[in-house]
Amino acid sequence: MRTIQMVDLRSQYDKIKAEIDAGIHEVIDSAAFVKGPKVADFQEHLQQYLGVRHVIPVGNGTDALQIALMALGLKPGDEVITPTFTFIATAEVVALLGLTPVVVDVDFDTFCMDVSAVERAITPRTKAIVPVHLFGQNADMEALMALAKRHDLFVVEDACQSIGAAYTFADGRTLKSGCMGHIGCTSFFPSKNLGCYGDGGAIFTNDDDLAKKMRAVANHGMEVRYHHDRVGVNSRLDSIQAAVLDAKLPHLDDYIAARRRAAAYYDEAFAGNEHILTPVVAAHTTHVFHQYTLRLQGIDRDKVRDMLAAAGVPSMIYYPVPLHLQKAYRDARYKAGDFPVAERLAACVLSLPMHTELDDEQLAYIVEQVEKAVSNA
Ligand SMILES: *Cc1c(COP(=O)(O)O)cnc(C)c1O
């Protein structure tokens, strides 16, 4: 059996080596390393895949979030609502920009932002909501967009883990993750569902004016060369990364199918185990399984992890500490116990190996070892 990894990028590369290598060599031969034609090609192809008017390639997913917020014209002290159970990036960019992060609890089954909690957190200073489509399924966008409309708020989707996931609204429209709010952000970090071989990210929008502003912000605040109308940053997707992404994009739907197949295998195997709650896919969204995350109950999670590790099965805890309990974000407004669902999840989640290259032999072995560890922990 091949060694089991959380993510197996090497085996994935072996299958499309010729396409990737050709793309990379094309960039080197052209010497167009920054803003080359490969970046424009990938941008165009991703726009088509997503069905969105504008894709703005940037340096990474965190930059994408920062640039999105910089384009909204927010003022210091304006409040931005984000979930407390997630990766740090959303709260981080809000804090860096001098805005006030307001965190809310999440739903126990979907891990995504609890919309009723968002509604309770809205104040006259609230300007934007940043939902995170955590682990690969979309947050409740129908309710969030309706709420945002009622309160005249921007919605910036963190689609770093959910590229390719679809959401169907009550009026029948089906849209791709990151293309439902005013702005969507994604990351092409290597282990993401569409990952490059370094850092990369992109911003999506259907709004021409916001697109223009965000292109300028990402390029030193400049629309006309050496004329700087706003404070910007320097954030670019480099051409070699664009070549890798352009080679991988045609495979994205197959990659999603491979992840779903592995998830279905796990789901079936763990169904009915009293200690294991498997992922729940909410109505109206599809799931692209960036992570396959169990909730364990009535057992010692650390013991389970140790036994798995000893058997050669890696596992991870995404995420062990909610934002409101992180040292850098400790704040008189929040204390332990304020967000009970997030705190409960942080104590019981366990993510299993999930990638495009898991075969039946590996899946059977992982399942066997998880069952064994769970019954002995
Ligand atoms: C990966 C990730 C980011 C940040 O992306 P980088 O490209 O690493 O900057 C932001 N939010 C979420 C939910 C992520 O998973």
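Scroll up a little and you will see the structure.
Description of the structure in this document. (Residues numbered from 1 in each chain as written. Predicted model: local features only at pLDDT ≥ 70, side-chain atom pairs only at ≥ 80, totals over all residues. Heavy atoms only, no water.)

Observations regarding the overall build of the chain
Regarding its fold elements, the chain presents 13 helices and 14 strands. Relative to the globule expectation of 21 Å for 377 residues, the C-alpha radius of gyration of the chain, 21 Å, shows essentially globular dimensions. Relative to its 377 residues, the chain shows a buried fraction of 55%. At a minimum sequence separation of 6, the contacts of the chain that also span at least 24 residues come to 73%. Carbon and sulfur atoms provide 52% of the accessible area of the chain, an area that totals close to 15,900 Å². Computing the positive centroid from 36 side-chain charges and the negative centroid from 48, the chain places the two 5 Å apart. (Helix = DSSP H or I, 4+ residues; strand = E, 2+ residues; numbered from the N terminus. Rg over C-alpha atoms; globule rule 2.2 N^0.38 Å. Buried < 20%, exposed > 50% of the residue type's maximum accessible area, 1.4 Å probe, protein only. Contact = heavy atoms within 4.5 Å. Areas by Shrake-Rupley, 256 points an atom, 1.4 Å probe, with all protein chains shown as cover. Lys, Arg positive; Asp, Glu negative; His and termini not counted. Charge placed at Lys NZ, Arg CZ, Asp CG, Glu CD.)

Thoughts on the packing of aromatic side chains
Evaluation of the coordinates by the stated rule reveals 14 aromatic pairs. Aromatic ring contacts, followed pair by pair, group Phe85, Phe87, Phe111, Phe135, Tyr318 and Tyr319 into a single cluster. When the ring centre of Phe108 is taken as origin, the NZ or CZ atom of Arg295, which lies over that ring, is 4.9 Å away. Directly above the ring of Phe108 sits Arg344, whose terminal nitrogen or CZ lies 3.9 Å from the centroid. (Phe/Tyr/Trp six-rings, centres within 6.5 Å; stacked < 30°, edge-to-face > 60°. Lys NZ or Arg CZ within 6 Å of the ring centre and 35° of its normal.)

Regarding the site of the ligand
Around the ligand, the neighbouring residues are Asn60, Gly61, Thr62, Phe87, Ala89, Val132, Asp158, Cys160, Gln161, Ser187, Lys192 and Gly200. One of the side-chain nitrogen or oxygen atoms of Asp158 is found 2.7 Å away from a nitrogen atom of the ligand. Take Ser187: an N or O atom from its side chain is 2.6 Å from an oxygen atom of the ligand. Protein contact buries 90% of the 380 Å² of open area that the ligand shows by itself. With respect to the pocket detection grid, the ligand is positioned in the largest pocket. Of the residues assigned to the shell around the ligand, the class counts are 4 nonpolar, 6 polar and 2 charged. (Near = heavy atom within 4 Å. Polar contact = N/O pair within 3.5 Å; in protein donor to acceptor, adjacent residues only side chain to side chain. 1 Å grid on protein atoms, 1.4 Å probe; cavity = no way out; pocket = protein on both sides within 12 Å on 5 of 7 lines; lining within 4 Å. Sits in = over half its atoms within 2 Å of the grid points. Nonpolar A, V, L, I, M, F, W, Y, C, P; charged D, E, K, R; others polar.)

A look at the pattern of salt bridges
Enumeration over the complete set of coordinates arrives at 17 salt bridges. Between Asp208 and Arg53 there is a salt bridge; the shortest N-O distance is 2.9 Å. With a gap of 155 residues between them, Asp208 in helix 8 (residues 208-218) and Arg53 in the loop between helix 3 (37-50) and strand 1 (54-58) connect regions that are remote in the sequence. Classification of Asp208 by relative accessible area gives partly exposed; the value is 40%. In this structure, Asp331 engages Arg333 in a salt bridge whose closest nitrogen and oxygen atoms are separated by 2.8 Å. The class for Asp331 is partly exposed, based on a relative accessible area of 27%. Judged by relative accessible area, which is 39%, Arg333 ranks as partly exposed. (Salt bridge = Lys/Arg side-chain N within 4 Å of Asp/Glu carboxyl O.)

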